[in-house]
Amino acid sequence: RRHSSGSESEPEEESHSSEEEKEEQKEEIEKASDSGLNAAEKPEESIKKTATNQQAVPSATVCQTASNKPSCKPAVFIPVDRAPEIQEARLKLPILAEEQSIMEAINENPVVVICGETGSGKTTQVPQFLYEAGYTSSTGAIGITEPRRVAAVSMSQRVAKEMNLSRRVVSYQIRYEGNVTDETQIKFMTDGVLLKEIQKDFLLSKYKVVIIDEAHERSMYTDILIGLLSRIVPLREKKGLPLKLIIMSATLRVEDFTENKRLFSAVPPVIQVDARQFPVTIHFNKKTPLDDYSGECFRKVCKIHRMLPSGGILVFLTGQAEVHSLCRRLRKAFPFQKNNTAGDDDKEESVEEIRKFKKSRKRKKAMTLPKIDLDNYSVIPVDEGDEDRDAETDDDVAGSDLDLDLGDADSEEDEKSDSSLPLYVLPLYSLLAPEKQAKVFRPPPPGTRLCVVATNVAETSLTIPGIKYVVDCGKVKKRFYDKITGVSSFRVTWTSQASANQRAGRAGRTEPGHCYRLYSSAVFMDFEQFSAPEITKRPVEDLILQMKALNIEKVINFPFPTPPPAEALAAAEELLIALGALKEPLMTGRLKEQQTAKLSCPISPLGRVMATFPVAPRYAKMLALSRQHDCLPYTITIVSAMTVRELFEEYDRPAVSEEETAKLKGKKARLLQMQRIWAGQGLLQKLGDLMVMLGAVGACEYAGCTPKFCEENGLRYKAMLEIRRLRGQLTTAVNSVCSDAGLYIDPKMKPPTEAQATYLRQIVLAGLGDHVARRAQAEELLDDKWKNAYKTALLDEPVFIHPSSILFKQLPEFVVYQEIVETTKLYMKGVSAVEPEWIPVLLPPYCHFGKPLENPPPSYCPETGRIRCHRPSVFYRVSWQLPAVEVD
Ligand code: CDP
Ligand code: MG
């Protein structure tokens, strides 16, 4: 595939679909979307259809009338040679009883929904049913999407093993890793990977069946895939190459898919798989919930292990760091000599990272100006979400408000134990290496008790055998959208009732179990019932850019299972226009038409390039502009650091002793000293906090990125590793856009020159156009609250440079900021100084341009707030629209 030479005037053949076909597809999507709208206006008709859907089992035949299209019932039966013990185990799975109704429904309908309890066998068995029924062949495969990487990898391993087939045939593909071959017939992948494939081949012609698994999780990409597939299925039908779509969900809450008139013209049949579930006794904590839920988990596990009969323990925590720290504590308390060393992943990870980095070194070539290539949409910026997404279910678990205290006999909280039975402690979370994840499925060594410490990956995606006790901290790590700045962050909050019930249900898979909730029943009653679909909670500019890259222009008409809020769509579109990722509409006609036009802008060539980078569009813009003056490696590092966030240790915490206070003070002084060094000299300093980030990463890499260096210099080791990983990913993405860039990242990057630092400030300004701030001016300064304050485009109130910023004392006239945080005041973090005359050149969408001036006075005039800039051969008088500046 060519990447290098394309330009807009020389369109080349796409391997899969020509421009014409794309145009046709686009029309289809829009037509379908519009007709979806029409259908919504005629509710009587749709009610009739949905009514049939109420009778779930065995509803395989319910919608026969809906599909009068030729069924593609395969005539063959492909035998599978399973091991006897495998065959025995799978015959016990509830889904086996539904094989016939499932296959009939699939044969007769283009779209089928399968609902069933977690552990009933959906993920492992449905692909096997399809395989045996001849749905795979040389001309098509079965694709299964998972919202989590863990599930994609482990399920492909499991299915290959059950079917006794090679991993060449049953394979997986996750973001930068996979084992897919030409022989692959069953392919597990993350939802993001399939979305990427749709960008290359809209009709997904290599698949005969697509299964969307864990649809109840309502991950953003799953939702988008269902919307897209609702259009792809009829298109494939029209081409005479029918595609089957199967939506699998752990809960009954599938109305958003089945009753959404905009999605499917015929209501898909819903097959309900009933699962055997043993009663689970719920024990709530009497006490008000503790902040130290991790410590409480530790004590609970100790008690269970010492006092209760055999049976595996599953602990739910919120994140990888917590999982590791609890694992370490438990291993220390209940030592187990062999094989109990599954920890220390961090160390291995870092060695692995270094190896990858060394491997990725290539000879450096000179770089030229940016090349924007229309056909470069083969890589998709899919943030597959390293977070563990929360699950939603309405799993009904027998509950009691009784706190069966495990006794006070052992109120000691020391970490030593005299229990003779060793505890076999295993971590489980999304980013854990697949071979380590696989350990949880194997029986624990004889004479030990299994204890899995997991994030909510264990909630629905994976079923761990032999769990009898669940310890639920009740918390979940979620991504939150900051309304002021548009920046998202992770926060730990209470989970939903549905999730808590799902967690409890994990204890009753093989025999009656117990679930210990580390919170009171009153707190539980305050939990939200379900978590809202991800798409309604997130900023959508990255999603909209993706959709535009698929030539879906009227995003507002797209059949989302649950649409994002209209304001979110409008804000996203506006930002993308300002960034130049979308072509601005011609503003003619009335206001309403203008608004509609604004919501259906096509993607620009720049937008296509931006869409290939797996970071937020603001940062993608910076990358797209960086192919000049050898700036790319620096921009990649800055963007990585801004994406990872929180590079530096926080020493402003309350200390327990005077000794500790002194220690923290010393460490803070050391960090401040280092930050001044990293900020550099001369013009480098103007890059401000971003130069500090760049310097910190550079210094850390020079030192080999060791935990020791990080500890001594106030850097967060975890953050440094993440930055390294992201730098690698972005380098790959850049190289795939510009194959002649030949870019490599030297972890031991040289500091930028003064000129480069100046270009970098321009590049950052171009990306953070809506995050510009100007020093408060004369009139504002009449009011004392504006002292040392800045005016921003987004807020009326004064904002300040954060005291931790390297520019805190310098107070440059104009700055750009990464984010605003609110503590005692509104503070800008991640601040760089910019020159005002750059603004009209780099950010015309944010400027009003007046008449050209005959005798332009020089540059920026602080008294009037006017900026004069040089645009090609004419001087314009401009005023900057964002902060209130005098308009000419
Ligand atoms: O998808 P669903 O939750 O309905 O069930 P599944 O993931 O297909 O799992 C069916 C059964 O296979 C469960 O009882 C799991 O314990 C078992 N399984 C296993 O033993 N080892 C694996 N690697 C995966 C699943
Ligand atoms: Mg499953």
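Details of the structure are given in the entry above.
Since this is a predicted model, take the numbers as computed values, not measurements. (Residues numbered from 1 in each chain as written. Chains lettered and ligands numbered in written order. Predicted model: local features only at pLDDT ≥ 70, side-chain atom pairs only at ≥ 80, totals over all residues.)

*Asks:* Is there a simple way to explain the site of ligand 1 in this structure?
*Replies:* Close contacts around ligand 1 come from 15 residues, with Lys 122, Thr 123, Thr 124, Arg 158 and Thr 463 the closest. Mapped onto the shell around ligand 1, the elements with two or more residues apiece are helix H5 (122-132) and helix H6 (149-163). Counting residues per element, the shell around ligand 1 draws most heavily on H5, at 4 residues. When the residues that make up the shell around ligand 1 are grouped by side-chain class, the tally is 3 nonpolar, 10 polar and 2 charged. (Near = placed C-beta within 6 Å. Helix = DSSP H or I, 4+ residues; strand = E, 2+ residues; numbered from the N terminus. Nonpolar A, V, L, I, M, F, W, Y, C, P; charged D, E, K, R; others polar.)

*Asks:* Could you clarify how one ought to interpret unusual backbone geometry in this entry?
*Replies:* For residues other than glycine, phi is negative in most cases, and the peptide bonds are mostly trans. A positive phi angle, near 65 degrees, is found at Asn 551, a position not held by glycine. When you line up the elements, Asn 551 lands in the loop between helix H17 (541-549) and helix H18 (566-579). Look at Asn 551 and you get partly exposed, because 19 C-beta atoms sit within 10 Å. (Buried ≥ 20, exposed ≤ 12 C-beta atoms within 10 Å, placed from the backbone.)

*Asks:* How should the packing of helix H22 (residues 632-644) against helix H24 (residues 688-702) be read in this particular structure?
*Replies:* When two helices pack together, their arrangement is given by the angle between their axes and by how far apart the axes lie. Look at H22 against H24: their axes get within 9 Å of each other, and the N-to-C directions meet at 100 degrees. Between H22 and H24, the angle is such that the two are roughly perpendicular. Seen from H22, the contacting residues are Tyr 634, Thr 637, Ile 638 and Ala 641; seen from H24, they are Leu 690, Met 693, Leu 694 and Val 697. Its residues assigned to classes, the contact of H22 with H24 shows 7 nonpolar, 1 polar and no charged. (Axes fitted to C-alpha atoms, helices over the stretch in contact; angles between N-to-C directions. Parallel < 35°, antiparallel > 145°, perpendicular 65-115°, else oblique. Contact = placed C-beta atoms within 7 Å.)

*Asks:* Which parts of the structure should I look at to understand the environment of Tyr 429?
*Replies:* Topologically, Tyr 429 is positioned in the loop between strand S11 (423-428) and helix H13 (434-438). Remark: the alpha-carbon pair of Tyr 429 and Asn 456, spanning 27 residues in sequence, is separated by 7.7 Å.

*Asks:* Any chance you could explain the environment of Ala 757 here in plain terms?
*Replies:* Structurally, Ala 757 can be placed in helix H27 (residues 754-767). Dropping the residues within four chain positions of it, Ala 757 is found in contact with Leu 683, Leu 684, Lys 686, Leu 687, Met 691 and Pro 752.

*Asks:* Sorry, what's going on with the sheet that holds strand S6 (residues 207-212) here?
*Replies:* Sheet strands line up and pair through hydrogen bonds in the backbone, either parallel or antiparallel. On the basis of which strands lie adjacent, the open sheet formed by 8 strands has the order S4-S3-S5-S2-S6-S7-S1-S8 and mixed pairing. Looking at strand neighbours, the two that pair on one side only are strand S4 (177-178) and strand S8 (270-273), the edges of this open sheet. Pairing geometry for strand S3 (residues 170-174) and strand S5 (residues 186-190), over 4 bridges, is parallel. When the bridges of S5 are listed, Tyr 172 appears paired with Phe 188. Lying over the sheet, helix H7 (residues 191-200) contacts strand S2 (141-146), S3 and S5, oriented at roughly 105 degrees with respect to S5. Together, strand S1 (111-116), S2, S6 and strand S7 (244-249) form the strand contacts of helix H8 (residues 220-238), whose direction differs from that of S6 by roughly 145 degrees. (Pairing = 2+ DSSP bridges.)

*Asks:* Explanation requested: the packing of H17 against H18 in the structure shown.
*Replies:* In the contact formed by H17 and H18, the axes pass within 9 Å of each other and the chain directions differ by 70 degrees. Taken together, H17 and H18 sit at an angle that is classed as roughly perpendicular. Note on packing geometry: the crossing formed by H17 with H18 is right-handed. Between H17 and H18, the contacting residues are Glu 541, Ile 544 and Leu 545 on the first element and Leu 569, Ala 572, Glu 573, Leu 575 and Leu 576 on the second. For the contact of H17 with H18, the residue count by class is 6 nonpolar, no polar and 2 charged. (Left-handed = near helix turned anticlockwise from the far one by under 90°.)

*Asks:* I would appreciate a short explanation of H18 in the present structure.
*Replies:* A turn of α-helix holds 3.6 residues, and therefore any two residues three or four places apart point the same way. Taking 1.5 Å of rise per residue, 14 residues should cover 20 Å, and H18 covers 20 Å from first to last C-alpha, within 8% of that figure. Every buried residue belonging to H18 is among Ala 568, Leu 569, Ala 572, Glu 573, Leu 575, Leu 576 and Leu 579, and all of these are buried. When H18 is viewed along its axis, its buried side chains cluster within an angular range of 165 degrees and face the same direction. Seen from the open side of H18, the exposed residues pointing more than 90 degrees away from its buried face are Ala 566 and Glu 567. In the stretch just after H18, Gly 580 is the one whose phi turns positive, near 85 degrees. (Expected span 1.5 Å × (residues − 1). Arc of directions from axis to C-beta.)

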